[in-house]
Amino acid sequence: MSGKSVTRRGFLQTSAMVAGGGVLVPRGLWALGQDAAVDVPRSNNHTGYEKVEWKARPFPMAQVRLRPGPLKDMQERDRMYLYMLPNDRLLHSFRLTAGKPSTAQPLGGWEAPDGELRGHLAGGHYLSACALMYASTGDESLRLKAEAMVQALAECQQPNGYLGAYPENFYDRLKNHKPVWAPFYTYHKIMAGHLDMYVHCGSQVALQTAQRMAGWAIRWIAPLSDEELAKVQMVEHGGMNEVMFNLYAITGEKRYLDAGYRFEHMRFFDPLAAREDKLAGLHSNTNIPKVIGAARGYELTGDERYKGIAEFFWQTIADHHTFAPGGTSNNNEGWSEPDTSGTHLAAGGQECCCSYNMLKLTRHMFGWKPDARWMDYYEHLLWNVRAGTQNENGMLMYYVPTVPGGWKTFGDAYDSHWCCTGTGSEEYAKLVDTIYFQDERSVYVNQFVASEVTWPEKHARLVQQTAFPEEGRTSITVHAETPVAFALRVRAPHWAEGIAVSVNGRPEKAVKGSDGYLVLDRTWKSGDEVEVSLPMKLRREPVVGSPELATLAYGPLVLAARMGRDGLSQDMIDGSEGPSMDRLPALPLPQFEADKSGLWVKKDDEGSLSFRTVKQAKEMELRPLYQVLDERYSVYWQQARKA
Ligand SMILES: [Zn+2]
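## Let's talk about unusual backbone geometry
Here is step 1 of the chain: The step from Phe468 to Pro469 runs through a cis peptide bond, and the omega angle for that step is 0°.
Here is step 2 of the chain: With respect to the helices and strands, Pro469 occurs in the loop between strand 6 (460–465) and strand 7 (473–480).
Here is step 3 of the chain: Its identity is not glycine, yet Arg275 carries a phi of approximately 60°, on the positive side.
Here is step 4 of the chain: Although it is not a glycine, Glu333 adopts a positive phi angle of roughly 60°.
Here is step 5 of the chain: Along the polypeptide, Glu333 turns up in the loop between helix 14 (304–320) and helix 15 (352–368).

Here it is, written out as structure tokens:
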């Protein structure tokens, strides 16, 4: 385990009790397969337990395929990464814990044999990522590799249902309030990985393992009083409420619903239910998964309290606790006072897991009430803090720095295994899951991504061709056996002014509905082609609470001022050490003097996404943040003081 991680873990061990005071529970992580039950096709008869159905639902992932483009490249690099991890190495600590022999070389980083989070990726995220990748690509050999993992893990499961890469006595430490990292956090990942293997790959063994694991957890918490449980819940426990709700959604067994209630973290939920922002000082990624659990709770029970919690939380984060690129956590992986992000620029902010989880939560919001604003937010995070957090070798980031002069750092294939490695490996495996949604007579084009979707109910297939965001346009072609009536709903993004639509080359007046989608409702015949131009403009964005600061965006893309590689060696970018500014101090914020339009930058020529400053004391070049991988940068600018 890297020195950095040891430091983090050490901090956690000494602060586990302190955390009982409601301050940070360090080291967030988290993952979770996605909305397990939500994505199960209706024909599988698994959605009968929902009290609240989504008004629009994603197309099953198996019906959506990426076409060549930047997202397809990301998916492919992730697929290669999943193949790089040998099953025997992933299984090593599970086997030793179960008293079975293993001669495999142990993994390092947070999966090291003495790592207190071991198993979170090996038996959790990894299964989720493989299941999602199978759904996204149909890669049968990857499914078989993951199914072999499921089988081997089942052989490690104890007769009492316990499954872990460390012994049960970690939970004794938890119960006795002795320092321990985050046992239920890991437990949640492993359960979620198995549920994803059931949902996306049909693994009955995985479902049995998850149910037996749930049984163990239910028996573990049963004797605890509410007060004792509340104490235990001060240690990070991921989305235990959510995974129990998802198990109920799949099986209909009420004991899982009850367990979901039991794992609910009242102390965190109560202020949210009262619409109070008491987030300052709390660890971000510890808590976001609980809210996803609240969203599932609402869907399965109809309880409006859960809905209120999820909606208030989402709005509070989006309005008051978000950095310009879209991430939410500060340098302590936590939240600060509202509207203070400009005073918390750091190397270690915007933890990737938080963005991953906010995207998941956003899908629920959209499902309840389809509206472009959710998908604008989704797009913003997708292009600024998810794209560009994976390097050419498929290695993943932990934080996206906001400090001026910060740079991106990428983990190691075998010796990192951070929380964000886990969620990142899932993210790039499920890039197809939100591009298109549907209701009975509409298809929603939420994201502009080269892709295609089959729609068997309409005997139709839609192909989206685009080089977005390299260019501000997309086209959608209908393929259908016979003419078919449906409404094509295309998101009109908040950043696009003067959107133009044409059908088969003829300009068309598309009506923008109150949901922010352009609606083309007609009978379509095969070969019909819809062209949508999405003009992007350069604009200045304010930093709420810091009027002297500003950022720049072009369409959905946050721009980064390039600050070169001086002092930066490759080993500071790659490797298991993780992000650190210890070896290179931050740089001063770039200064700007705006012209009459409020800007100080212009775009280079038409075809490229490069920009440069105009009439500034210091000339600088800018690129979209997602394209800046191996140099120092700043997305924040400071207004120059008049001499
Ligand atoms: Zn993380």
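On we go from here.
## Examining the packing of aromatic side chains
Here is step 1 of the chain: Across all of its chains, the model carries 43 aromatic pairs by this definition.
Here is step 2 of the chain: A centroid spacing of 5.8 Å and a plane angle of 80° characterise the contact between Tyr162 and Tyr171, whose relative ring orientation is edge-to-face. In terms of burial, Tyr162 and Tyr171 fall into one category: buried.
Here is step 3 of the chain: Each ring, one from Trp314 and one from Trp374, has its centre 4.7 Å from the other, and the planes form 75°; the classification is edge-to-face. Of this pair, Trp314 sits in helix 14 while Trp374 sits in helix 16 (residues 372–386), placing them 60 residues apart in sequence. The residues Trp314 and Trp374 share a single accessibility class, namely buried.
Here is step 4 of the chain: One aromatic cluster in this structure is built from Tyr162, Tyr166, Phe170, Tyr171, Phe184, Tyr187, Trp216, Trp220 and Phe263.
Here is step 5 of the chain: Positioned above the aromatic ring of Phe268, the side-chain terminus of Lys290 is 5.4 Å from the ring centre.
Here is step 6 of the chain: Note that Arg522 overlies the ring of Trp524, its terminal NZ or CZ placed 5.2 Å from the centroid.

## Describing helix 16
Owing to its 3.6 residues per turn, the α-helix brings residues three or four apart onto one side.
Here is step 1 of the chain: Counted at 1.5 Å a residue, the expected span for helix 16 with its 15 residues is 21 Å, and the 19 Å between its end C-alpha atoms agrees.
Here is step 2 of the chain: Where burial is concerned, most of helix 16 is hidden: 13 out of the 15 residues are buried.
Here is step 3 of the chain: Among the residues of helix 16, the N-terminal cap falls to Asp371, whose side-chain oxygen and the backbone nitrogen of Arg373 are separated by 3.0 Å.
Here is step 4 of the chain: Two residues or fewer after helix 16 comes Gly388, characterised by a positive phi angle close to 85°.

Conventions we followed
- Residues numbered from 1 in each chain as written.
- Predicted model: local features only at pLDDT ≥ 70, side-chain atom pairs only at ≥ 80, totals over all residues.
- Heavy atoms only, no water.
- Helix = DSSP H or I, 4+ residues; strand = E, 2+ residues; numbered from the N terminus.
- Phe/Tyr/Trp six-rings, centres within 6.5 Å; stacked < 30°, edge-to-face > 60°.
- Buried < 20%, exposed > 50% of the residue type's maximum accessible area, 1.4 Å probe, protein only.
- Lys NZ or Arg CZ within 6 Å of the ring centre and 35° of its normal.
- Expected span 1.5 Å × (residues − 1).
- Polar contact = N/O pair within 3.5 Å; in protein donor to acceptor, adjacent residues only side chain to side chain.

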